[in-house]
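For reference, the chains in residue letters:
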Amino acid sequence: MEDDNSFKAYSKKFPICVSGKPDIIATKDNWVIVEDIKTGRRKNSHKMQVLLYMFYCP
């Protein structure tokens, strides 16, 4: 469903909020796959973005 993957996480120590929405979260048995589709050149920030999704998404 639309927006089912969105999240917001607030810091307990700093006045920041991290939010996002991965394109795909697939689950089967004990496996979870998080995908975020990108176009253009690869960036190191893309890796960090997906790691944040993996940490915060249900």
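Residues numbered from 1 in each chain as written. Predicted model: local features only at pLDDT ≥ 70, side-chain atom pairs only at ≥ 80, totals over all residues. Heavy atoms only, no water.

(A) Summary view of the pairing of strand β1 (residues 7-10). Residues Phe-7 and Ala-9 of β1 are buried on one face, while the alternating residues Lys-8 and Tyr-10, pointing to the opposite face, are not. Here four bridges tie β1 to strand β2 (residues 17-20), and the two strands are oriented antiparallel to one another. Pairing of Ala-9 across the sheet is with Val-18, part of β2. Hairpin connection from β1 to β2: six residues lie between these consecutive antiparallel strands. (Buried < 20%, exposed > 50% of the residue type's maximum accessible area, 1.4 Å probe, protein only. Helix = DSSP H or I, 4+ residues; strand = E, 2+ residues; numbered from the N terminus. Pairing = 2+ DSSP bridges.)

(B) Spatial organisation of the pairing of strand β4 (residues 31-35). As judged from the five bridges shared by strand β3 (residues 24-28) and β4, these two strands associate in the antiparallel manner. Counterpart to Lys-28 in the pairing with β4 is Trp-31. Connecting β3 to the antiparallel partner β4 that follows it, the hairpin turn spans two residues, and Asp-29 within it adopts a positive phi of roughly 55°.

(C) Main features of the side chain of His-46. Looking at the secondary structure, you find His-46 in helix α1 (residues 44-56). The class of His-46 is buried, set by a relative accessible area of 18%. Beyond its immediate chain neighbours, meaning those up to four positions away, His-46 contacts Lys-38 and Arg-41. (Contact = heavy atoms within 4.5 Å.)

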